[in-house]
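Residues per chain are reported as follows:
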Amino acid sequence: MFGKLSWSAIPVDEPIDMIASGLMVLAVLSLLAWVTAKGHWRYLWREWLTSVEHKRIGVMYIVLALVMLLRGFTDAVMMRAQQAVSVGPDGGYLPPEHYNQIFSAHGTIMIFFMAMPFIIGLMNFAVPLQLGIRDVAFPTLNSVSLWLTASGILLTNMSLVVGEFARTGWLAYPPLSELKYSPGVGVDYYLWALQISGVGTLLSGINLATTILKMRAPGMGYTRMPVFCWTALASNLLIIAAFPVLTATFAMLLLDRYLGMHFFTVDGDGNPMMYINLIWIWGHPEVYILILPCFGVFSEVVSTFSGKPLFGYRSMVAATMAICVLSFIVWLHHFFTMGAGANVNGFFGVMTMIIAVPTGVKVYNWLFTMYGGRVRFHAPMYWSVGFMVTFVIGGMTGVLLAVPPADFILHNSLFLIAHFHNVIIGGVVFGVLAGYMYWFPKAFGFTLHEGWGKVSFWCWFIGFYLAFMPLYYLGMLGMTRRLQHYDNPAWQPWLIVAAAGVVFIMAGILALIVQLVVSIRTRDQRRDLTGDPWGGRSLEWSTPSPPPAWNFAILPRVEREDDYWHTKARAREERIAAARALVYEDIHMPRNSPTGFITAFFAVVTGFALIWHIWWMVALGLAGALATTLVFAWRDESEFEIAADEVAQADQAHIEAYWAGTAP
C-alpha cells in the first residue's frame, strides 16, 4: 500500500542525520506553535499565503531564499570542517555516503532554492514598480509559481527526515544517477523536487517576460526602461528558452529509472554524454539567469549612490542582450576533456572568451558612473564595489579555463570550484544582498541598520577570500574536488584556512540576522516618510513606502530616461499644484486566491508518492491538482474595486508626508 516506504526509511542509525532532522522539525513545530499562540493564522492566510500581489509574492520568495541560505550554508560548514580534519589516518567525522549527500544537497539548494528564489523575488518586487504598473501580467499564476518552488524546497528537505538525498553531485550525471548505481530514493527526491520547482520557475519566467514586454507605463519605450528591467527581461527570456531543456532532460532520466528505458544507460545503447550536453545547454544559461539581474541591481545602486545617470545606458543594454544570446553557445566548455575534438573545443573556447567582452563593458560603465559622481557609501554600495573587485578575478580565471589546454590540467580540480564560487558568491550573492538592502525600505517602510549591514559585508568579503583563494592554489597542486578524505598532509593547512573563511562567512550571515532584528526593533527611528530614502532615479521611489496594493494612484507618463529623477528636479510649487489637480479613478485589482497554495500541497503529495512508488497517492495528488485548477478556471469574481476616494486619500497623504520629510 505504501510502495517502497517503510520504517527503515528513517535514518535512525545515522546520529548526524537524526540530530539535523530533529532540529529542523523542532524549528518548524516551534514556528507553527508561535503563529498559533499569537493568533496570526487568519492574517497569514488572508494577507500572505493566498496573496496574488507581486510585492508580497516577491517578499515570500526572498524569505524562502534566506531560509535556504542558512540550510545550504550548514552543508558548506560540514564539508569544510570534514576536509580540514580528514587527512591521513584520520577519517574525519562524516562517512563517505553522508559526505556525498551533503555536497550534492549543498549545490542543489544554493543554486535552485537560494539563488533562483532570491533573484525571482527581487524581480517580482521591483520590476512592476519600475515599469510604472500595478501588477504582473498573470497574478494568480505568479502565486502558483511561488508555491511550486516552495514544494520543491519541502521535498528536498523531507529527504533529510525520510529516506536520503542524491549522492551524485548537484547535476546528477549518469551513469551514477541511473537505477543500477543509485537504487535508492535519493536521485528520485532530486529529480521530482527539481521538476516541480522547475515548472514554477518556467511559469514565472513567462509571466515576468510578458509583463515587461506588454505592460509598461504610458510613454515607457524600451529605451526608457531602467537597466534592471532590461536585465530581468534577458534573464526571463533565458528561463523560457533553457528550463524546458532541463525538464526534458530530467524526464528522460526519470523514464530510465522508472520504466527501464535507455536514453542514458550505456549497456542499453544509451549515451550519457547526451545528458551532459543537455544539462549544460541549460546549465550555462542558468549562470546568466542568475547574474544578469544582479548586474541590473548594481546598475541601479551605482547610479543612485553616485548621483549620476548610468554611464553608457545603451551600451549596457546592448551588452546585456549580447550576453543573453552568447550564453547559449558556450556550454561545451564545461567538458573540454570529453573528447569532442580540437575544432569543437577551439570554437567553444573562443566563444567563452568573447562573452567576457560585454561583461567587461558593464564593469567599465559602472566605474565611469562613479567617476566624477558624489558617491555615498551606504551598505548597498559596499556590496557593489566588493562585487567589482571580486567578480573581475572570477572572470579572469574563467577566461583561463576557457583555454582548452589549461582546462585539461585544471578540470575537476578545486581550481574549478574556486572559480565557480568566485563568480557566484562575488556576483550573485553580493548582488542579491545589495538588492535586499537597497529595496528593503521600499518593501517595509523603514531602512535597515547601516552599521550591521557593513559588518556583514566585510565578514562576507574577507570570508570569501579566505575560503576560496586557497582552493585556487590547491587546484593547481592537483587536489580534485569532492574529496571526503585525502592523504597529502601538505594540503591540510590550506584547507584549515578555507575553514576559517567559512567562519567569517558565518559571522556575515549572523550579522545579517542581527541587522534585521535591530532594524525591526528600532524601526520607528528609521521610518521612510518620503518613499525615496536614497534619492532614487526610477519610478518605484515615487510611491509610498511600503507601496499600496495598487502601486500607483495614477499610472505615470514617462517622457525620458530616469523620468522620476527629472520630475523631482521641477520646482516644489509646480509639483504641489500638479498633485492637487490630479483626477483619481476607481481601480480594479485581482482578488487573493488560495490556488497556488493548494496546488503546491497536491504537488508535494504527488512528488512524495512518485518518489516512494505509492501509486494510489499519485492519483489522489493529480486529481486534487486538476480539481484546484478547474475551480480556479470556473471562479465567478476575479477582481475587486478600490474606490477613487480611498486612492485619493492615500495618495494625497503620501504627497504631504513626502514634503514633510526630507524631500530631495
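You'll find the structure just up there.
Every value quoted in this text rests on a predicted model; they were computed, and no experiment measured them.

(A) Spotlight on the packing of aromatic side chains. Under the criterion given, the structure shown has 54 aromatic pairs. Measuring from centroid to centroid gives 6.4 Å for F2 and W616, while their planes differ by 70°, and the two rings are edge-to-face. Highlighted residues: F2 in the segment before α1 (15–38) and W616 in helix α19 (residues 615–633), separated in sequence by 614 residues. With relative accessibility at 41%, the residue W616 sits in the partly exposed group. Aromatic ring contacts, followed pair by pair, group F377, Y382, W383, F430, F457, W458, F461, F464, Y465 and F468 into a single cluster. Above the face of the W48 ring, R56 is positioned so that its terminal group lies 4.8 Å from the ring centre. Over the face of the ring belonging to Y222 we find R216, whose NZ or CZ atom lies 4.2 Å from the ring centre.

(B) Representation of the state of the cysteines in the model. For the coordinates displayed, the defined rule picks out zero disulfides. Not part of a disulfide, C229 finds its nearest cysteine sulfur in C294, a span of 15 Å.

(C) Structural detail: the nonpolar core. Ranked by size, the top nonpolar core spans 181 residues in total, and within it W366 and W460 carry the most contacts. Discounting residues that sit within four places of it in the chain, W460 has contacts with L69, W383, I425, V429, F430, L433, I505, G508, I509 and L512. Of all hydrophobic cores here, the second largest spans nine residues; its members include A553, I642, A644 and V647.

(D) Geometry of the side chain of H419. Assignment of secondary structure puts H419 in helix α13 (residues 414–444). In this structure, H419 is in contact with G394, T397, G398, L401 and Y472, ignoring residues within four places of it in sequence.

(E) Region of the structure containing the pattern of salt bridges. The tally for this structure, following the rule as stated, stands at nine salt bridges. With a closest N to O distance of 2.8 Å, E47 and R56 form a salt bridge. R167 is the partner of E164 in a salt bridge, and the nearest nitrogen-oxygen pair spans 2.9 Å. The exposure class of R167 is partly exposed, given its relative accessible area of 37%.

(F) Looking closely at the packing of helix α4 (residues 96–131) against helix α8 (residues 272–306). Between α4 and α8, whose axes approach to 11 Å, the crossing angle comes to 45°. In terms of their interaxial angle, α4 and α8 are classed as oblique. Crossing angle aside, the handedness with which α4 passes α8 is left-handed. The residues of α8 that touch α4, namely those facing I111, F112, A115, M116, I119, L122, M123 and Q130, are W282, E286, I289, L290, P293, C294, V297 and E300. Here the contact of α4 with α8 is built from residues that sort into 13 nonpolar, one polar and two charged.

(G) Molecular detail of the packing of α4 against α13. Contact geometry of α4 with α13 gives a least axis separation of 10 Å together with a crossing angle of 35°. Handedness of the crossing formed by α4 with α13: left-handed. In contact with H106, I111, M114, A115, F118, I119, L122, F125, A126, L129 and Q130 of α4, α13 contributes F420, H421, V428, V429, V432, L433, G435, Y436, W439, K442 and A443. Along the lines of polarity and charge, the residues of the contact of α4 with α13 split into 17 nonpolar, four polar and one charged.

(H) Up close: a negative patch on the surface. There is a patch of like negative charges on the surface, built from E585, D586, E641 and D645. By the element assignment, D645 lies in helix α20 (residues 644–660). The exposed category is assigned to D645, whose relative accessible area is 66%.

(I) Inspection of helix α18 (residues 595–612) at higher detail. Taking 1.5 Å per residue, 18 residues should reach 26 Å; α18 reaches 26 Å between its end C-alpha atoms and fits that length. Once α18 ends, the next one or two residues include H613, with phi positive near 60°.

(J) Representation of the side chain of T530 in the model. Its location among the elements puts T530 in the loop between α15 (492–521) and α16 (563–568). A polar contact of 3.3 Å, which involves the side chain of T530, links it to the side chain of D528.

(K) Region of interest: the environment of N551. As for its position among the elements, N551 is in the loop between α15 and α16. The spacing of N551 and R134 is 417 residues in sequence and 5.4 Å in space, taken between C-alpha atoms. Beyond its immediate stretch of four places on either side in the chain, N551 contacts H54, K55, L129, I133, R134, D135 and T543. Here the side chain of N551 touches H54 through a polar contact of 2.9 Å, side chain to side chain. Only 3.0 Å separates the side chain of N551 from the backbone oxygen of I133, close enough to count as a polar contact.

(L) Region of the structure containing unusual backbone geometry. In the segment running from P174 into P175, the intervening peptide bond is cis, with an omega of 5°. With respect to the element layout, P175 can be found in the loop between α5 (139–158) and α6 (186–214). In this chain, S545 is followed by P546 through a cis amide linkage whose omega measures -5°. For P546, the location among the structural elements is in the loop between α15 and α16. In this structure, A172 takes a positive phi of about 55° despite not being glycine. Along the chain, the position of A172 falls in the loop between α5 and α6. You can call A172 buried: its relative accessible area is 0%.

(M) Seen up close, a nonpolar patch on the surface. Together, F138, I206, L213, Y222, L237 and I240 make up a nonpolar patch on the protein surface, roughly 450 Å² of accessible area in all. For the nonpolar patch, the elements supplying multiple residues, two or more each, are α6 and α7 (227–259). With respect to the helices, strands and loops of the structure, Y222 is situated in the loop between α6 and α7.

(N) Region of interest: the pairing of strand β1 (residues 587–590). Judged by which residues are buried, β1 turns out to be one-sided: I587 and M589 face inward and are buried, whereas H588 and P590, on the alternate face, are not. Strand direction decides the pairing type here: β1 and strand β2 (residues 639–642), joined by four bridges, are antiparallel. By the bridge assignment, P590 is partnered in β2 with E639.

Definitions and cut-offs
- Residues numbered from 1 in each chain as written.
- Predicted model: local features only at pLDDT ≥ 70, side-chain atom pairs only at ≥ 80, totals over all residues.
- Heavy atoms only, no water.
- Phe/Tyr/Trp six-rings, centres within 6.5 Å; stacked < 30°, edge-to-face > 60°.
- Helix = DSSP H or I, 4+ residues; strand = E, 2+ residues; numbered from the N terminus.
- Buried < 20%, exposed > 50% of the residue type's maximum accessible area, 1.4 Å probe, protein only.
- Lys NZ or Arg CZ within 6 Å of the ring centre and 35° of its normal.
- Disulfide = S-S within 2.5 Å.
- Core = buried A, V, L, I, M, F, W, Y, C linked by side-chain atoms within 4.5 Å.
- Contact = heavy atoms within 4.5 Å.
- Salt bridge = Lys/Arg side-chain N within 4 Å of Asp/Glu carboxyl O.
- Axes fitted to C-alpha atoms, helices over the stretch in contact; angles between N-to-C directions.
- Parallel < 35°, antiparallel > 145°, perpendicular 65-115°, else oblique.
- Left-handed = near helix turned anticlockwise from the far one by under 90°.
- Nonpolar A, V, L, I, M, F, W, Y, C, P; charged D, E, K, R; others polar.
- Patch = residues over 30% accessible without salt bridge, like charges linked within 9 Å, V, L, I, M, F, W, Y side chains within 5 Å.
- Areas by Shrake-Rupley, 256 points an atom, 1.4 Å probe, with all protein chains shown as cover.
- Lys, Arg positive; Asp, Glu negative; His and termini not counted.
- Charge placed at Lys NZ, Arg CZ, Asp CG, Glu CD.
- Expected span 1.5 Å × (residues − 1).
- Polar contact = N/O pair within 3.5 Å; in protein donor to acceptor, adjacent residues only side chain to side chain.
- Pairing = 2+ DSSP bridges.

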